[in-house]
Amino acid sequence: MLVAEILKSKGGDVFSVAPDISLADACAELDGRRVGALIVCDGDRVVGVISERDVVKAVSADGAVSLTRPVADYMSRNVVFAEPGETVGILMERMTDRRIRHLPVLTDSRLSGVISIGDVVKCQIAEATHEAESLRTYIAAG
């Protein structure tokens, strides 16, 4: 399955924040949206990702004062992207190698969605279930 197909079924909603909002406000957004990461955008440009893991690292390093500082101080800056024509297998490999759980998707250099590890796992389970059902049908017919 391709990234474009996943986005078609799940939708292309992207939850983003500006780099200058406080880490506390980003936490409220993560909680309110019930997501594990937010894309940090400066206008139309993706400048980072702030994830639950980044928040934990910030509080561990700087304590409660980190919550008053801007997201830009703690976001992951080396953003790894996905493209619509890539396969789930490629995404799994990239996510595993880089130890990341969210990939923003760029279509024609524009942010068009986010694929999470949960999306990838859901897709893999659906494909395995479909393959098993096809084999059962083939064996029963034979």
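This paragraph deals with the pairing of strand E2 (residues 37-42). With five of its six residues buried, E2 lies for the most part within the structure. Relative to E2, strand E1 (residues 16-17) runs parallel, the two sharing two bridges. By the bridge assignment for E2, Val 17 is matched with Val 40. After leaving E1, the chain enters helix H2 (residues 23-33) and then returns to the sheet as E2, a path that is right-handed. Strand direction decides the pairing type here: E2 and strand E3 (residues 45-51), joined by six bridges, are antiparallel. Bridge pairing in E3 places Ala 37 opposite Ser 51. Adjacent in sequence and paired antiparallel, E2 and E3 are bridged by two residues, among which Gly 43 carries a positive phi angle near 70 degrees.

Checked against the element boundaries, Ile 50 lands in strand E3. Classification of Ile 50 as buried rests on a relative accessible area of 0%. Taking the C-alpha atoms as reference points, Ile 50 and Ser 134, separated by 84 residues in sequence, lie 41 Å from one another. Beyond its immediate sequence surroundings of up to four residues, Ile 50 is in contact with Val 17, Leu 23, Leu 30, Gly 36, Ala 37, Leu 38, Val 40, Val 71, Tyr 74 and Met 75.

Let us look at a nonpolar patch on the surface. Residues Ile 117, Val 121 and Ile 125 make up a contiguous nonpolar surface patch of roughly 240 Å² in combined accessible area. Considering the arrangement of structural elements, one finds Ile 117 in helix H5 (residues 117-141). By relative accessible area, Ile 117 is classed as partly exposed at 33%.

Moving on, we get to the pattern of salt bridges. The tally for this structure, following the rule as stated, stands at six salt bridges. Between Glu 29 and Arg 33 there is a salt bridge; the shortest N-O distance is 2.9 Å. Separated by four residues within a single helix, Glu 29 and Arg 33 lie in helix H2, roughly one turn from each other. Taking the shortest distance from any N to any O, the salt bridge between Asp 42 and Arg 45 comes out at 3.9 Å. Overall, the relative accessible area of 44% leaves Asp 42 in the partly exposed class.

Rules used throughout
Residues numbered from 1 in each chain as written. Predicted model: local features only at pLDDT ≥ 70, side-chain atom pairs only at ≥ 80, totals over all residues. Heavy atoms only, no water. Buried < 20%, exposed > 50% of the residue type's maximum accessible area, 1.4 Å probe, protein only. Helix = DSSP H or I, 4+ residues; strand = E, 2+ residues; numbered from the N terminus. Pairing = 2+ DSSP bridges. Right-handed = clockwise from strand over helix to strand, strands pointing away. Contact = heavy atoms within 4.5 Å. Patch = residues over 30% accessible without salt bridge, like charges linked within 9 Å, V, L, I, M, F, W, Y side chains within 5 Å. Areas by Shrake-Rupley, 256 points an atom, 1.4 Å probe, with all protein chains shown as cover. Salt bridge = Lys/Arg side-chain N within 4 Å of Asp/Glu carboxyl O.

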